[in-house]
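A look at the structure
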Amino acid sequence: MTASADRRPPAGTLENPLDLLIVGAGISGIDLAHHVRNAFPRWSWEIHDAHDDLGGTWHTFRYPGIRSDSDMATFGFPFRPWPHESTLGQGDEIKEYIRDTARDCGALERLHLGSWISNADWRSEKGLWQVTSVRTENGASTERTVWTRRVHFGSGYYSHSEGFRPDFPGEEEFTGEIIHPQLWPEDVQYAGRRFIVIGSGATAVTLVPALEHLGADVTMLQRTPSYVAPLPEKDIISAVWKSVLPSSPAYRAARFTHGARDMVQFLIAQRLPWAFKQGLRAMQRRYISSDQIAEHFTPTYKPWDQRVCKAPDGDIFRALQRNARVVTGHIDTFTDRGIRLESGAELEADVIVTATGLELEAFGGGTLSIDGRELAPGDQTTYRGMMLAGVPNFSFTVGYVNASWTLRADMVSRYMVKLWRAGEKSGERIYAPIPPETPGNRPLLDLDAGYVRRGAHRFPRQGTDRPWTYVQNYLTELPELTFGDQRRDMAFGDKIRLGAVR
């Protein structure tokens, strides 16, 4: 390092701003870090995460059996093959996989843990973001101001600090433990204890076989059924491609095959729901009776109006064949010994698990502003589901809700890197989507799940036409985000028209 380089102000100051600040050190943030390291080896960048370790979901969720709900051929990074044979990844395996990737791309040296981004304020006169990082230790909070040319939020779409937790009548009467999966204690005893898991989504479908395997007596209590699809424990598609191709092209082929299959299944589910239901029932009948399927695994909504849960080797159905059970009904009240249903039936429990869903949260729970004036997220219109109209040098990652998150996260990373590279080449380093004539009026997350309906107002809106829509279709977005015109409806430099503020 030269003497003149030694005398430069610290990175992230007004005199020496970062080139990029990444918020979130989960799948999305580390994916972007990999691409930035390769594309811009001279850039100064940091990655901030509010928690005490990287991993995102795979650090904050620690309940028994935690695993991916997408196959790892698509949920894994496209540039780093998943090293295990399993179709779905276990939580601890995924976290270490993320850590290995972060180590290789230099993110560990640039990682700021325990750093919550409370506000990001675009300062027009500086052409920079003024970002406020808050750290809390021993009850005392300290703030650091970071100046950066670009901000990218890879912090996901839900709160990691708390989940959705409804108030149940009579719960103060219950003498046992009540646990939410996002706040799972380390000292829970399982063997011989009676657990009731309230819920029917992916978390409940994962917890029931895991608890049963640990020796617990488990009842899954659901208000309404969900679609649950058994799938092979081992990734057969990847194994077939590895048998005919070298490792790297086999991984790419498996990734595309899994992604294309998921999109075809989604289209069948939406357009020919009867065919999807028949195929799913045929798979379920290998494990449980038609009567059980009709009573407990036949929802009233169409497939993929809500996410289809996955069960490797039908593990939840196998658990039901042994010591687990499922009850469909409405809760009347908690009692001192468990739960009484509206039907009058009583379920006894030592532990009640409220697997009742997520609490949506945009941009890590912090605020965005322009020249000190706060932006209301619900008033903003998204551009390709990754930028905001009229907000300079700002981007974010939201993956698919009907397929693997990482399929889209990686395309977003590549798209932004191409935009940044073009700007570096032309000298147009300040950019923003041009606000459309008609603001967006559709929710960003267009899914009929309860947690999405509750929190959709906290997110930007999408329009009706490209590039103002966020298309839930990998096969449609793959060519568009890979080869699409990145200057379409974009403004640069002093031609930018700033977005709506409060």
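Here, the structure is the one placed above.
Criteria and cut-off values
- Residues numbered from 1 in each chain as written.
- Predicted model: local features only at pLDDT ≥ 70, side-chain atom pairs only at ≥ 80, totals over all residues.
- Heavy atoms only, no water.
- Helix = DSSP H or I, 4+ residues; strand = E, 2+ residues; numbered from the N terminus.
- Rg over C-alpha atoms; globule rule 2.2 N^0.38 Å.
- Buried < 20%, exposed > 50% of the residue type's maximum accessible area, 1.4 Å probe, protein only.
- Contact = heavy atoms within 4.5 Å.
- Areas by Shrake-Rupley, 256 points an atom, 1.4 Å probe, with all protein chains shown as cover.
- Expected span 1.5 Å × (residues − 1).
- Axes fitted to C-alpha atoms, helices over the stretch in contact; angles between N-to-C directions.
- Parallel < 35°, antiparallel > 145°, perpendicular 65-115°, else oblique.
- Left-handed = near helix turned anticlockwise from the far one by under 90°.
- Nonpolar A, V, L, I, M, F, W, Y, C, P; charged D, E, K, R; others polar.
- 1 Å grid on protein atoms, 1.4 Å probe; cavity = no way out; pocket = protein on both sides within 12 Å on 5 of 7 lines; lining within 4 Å.
- Points joined across faces, edges and corners; volume = space filled by probe spheres on them.
- Pairing = 2+ DSSP bridges.
- Core = buried A, V, L, I, M, F, W, Y, C linked by side-chain atoms within 4.5 Å.
- Arc of directions from axis to C-beta.

**A closer look at the overall build of the chain**
Tallying secondary structure elements over the chain gives 14 helices and 26 strands in all. Against the globule reference of 23 Å for 502 residues, the chain gives a C-alpha radius of gyration of 24 Å, in line with a compact fold. Out of the 502 residues in the chain, the part that is buried amounts to 55%. Looking at the chain alone, contacts between residues at least 24 apart form 71% of all its contacts between residues at least 6 apart. Accessible surface, the chain: about 21900 Å² in total, of which carbon and sulfur atoms supply 49%.

**Examining helix H5 (residues 91-104)**
For H5, spanning 14 residues, the distance from its first C-alpha to its last is 20 Å, which sits close to the expected 20 Å at 1.5 Å a residue. If you check which residues of H5 are buried, you get Gly91, Ile94, Lys95, Tyr97, Ile98, Arg99, Thr101 and Ala102. Residue Gly106 follows H5 closely and has a positive phi angle near 80 degrees.

**Points about the packing of helix H12 (residues 405-426) against helix H14 (residues 474-483)**
Between two packed helices, both the angle of their axes relative to each other and the distance between the axes serve to describe the pair. For the pair H12 and H14, the least separation of the axes is 9 Å and the interaxial angle reads 15 degrees. Relative to H14, the element H12 lies roughly parallel. As H12 packs across H14, the resulting crossing turns out to be left-handed. Taken together, the residues of H14 that come into contact with H12 (itself represented by Leu407, Arg408, Met411, Tyr415 and Lys418) are Tyr474, Glu477, Leu478, Leu481, Thr482 and Phe483. Residue composition of the contact of H12 with H14, by class: seven nonpolar, one polar and three charged.

**Examining empty space enclosed by the protein**
All told, the structure shown has three cavities of 30 Å³ or more when counted by the stated rule. Estimates place the volume of the largest cavity at around 60 Å³. Forming the boundary of the largest cavity are Phe153, Ser155, Gly156, Ala362, Phe363, Phe396, Thr397, Val398, Leu444 and Phe459.

**Some remarks on the sheet that holds strand S10 (residues 217-222)**
Strands sit in the order S8-S17-S9-S10-S13 across an open sheet of five strands; the sheet is parallel. Looking at the sheet topology across the chains shown, the edges are occupied by strand S8 (177-179) and strand S13 (325-328). In this sheet, neighbouring strand axes are inclined to one another by 20 degrees on average, regardless of whether the strands run parallel or antiparallel.

**Looking at the nonpolar core**
Phe394 and Trp420 are the most contacted members of the largest nonpolar core, which has 113 residues in total. Looking at this core element by element, the count peaks at ten residues for H12. Within the second largest apolar cluster, 13 residues are counted, among which are Val327, Ile339, Leu341 and Ala349.

**What about H14?**
Taken as a whole, H14 has its buried residues at Tyr474, Glu477 and Leu481. An end-on view of H14 places all buried positions within 65 degrees of arc, on one side of the element. The elements touched by buried residues of H14 are helix H8 (247-271) and H12.

**Description of the layout of surface pockets**
Empty space among the atoms can be located by rolling a probe the size of a water molecule over them. Volume-wise, the second largest pocket comes out at about 530 Å³. Taken together, 27 residues form the lining of the second largest pocket, with Ala229, Pro230, Leu231, Arg261 and Gln265 sitting closest to its centre. For the lining of the second largest pocket, the elements supplying multiple residues, two or more each, are strand S11 (228-231), helix H7 (236-244), H8 and helix H9 (273-284). The element that contributes the greatest number of residues to the lining of the second largest pocket is H9, accounting for five residues. Counted by class, the lining of the second largest pocket contains 13 nonpolar, seven polar and seven charged residues.

**Things to note about the sheet that holds strand S5 (residues 128-137)**
Taken in spatial order, the five strands make up an open sheet running S6-S5-S4-S18-S19, and their pairing is mixed. Edge positions in the sheet fall to strand S6 (140-148) and strand S19 (373-374), since each has one partner strand and no second. Both S5 and S6 contribute to a ladder of nine bridges, which runs antiparallel. Bridge pairing links Thr132 to Thr145 in S6.

**What to know about the side chain of Lys95**
If you trace the backbone, Lys95 turns up in helix H5. On the basis of relative accessible area, Lys95 is assigned to the buried category, the value being 14%. The residues touching Lys95, leaving out its near neighbours within four places in the chain, are Asp53, Leu54, Trp58 and His59.

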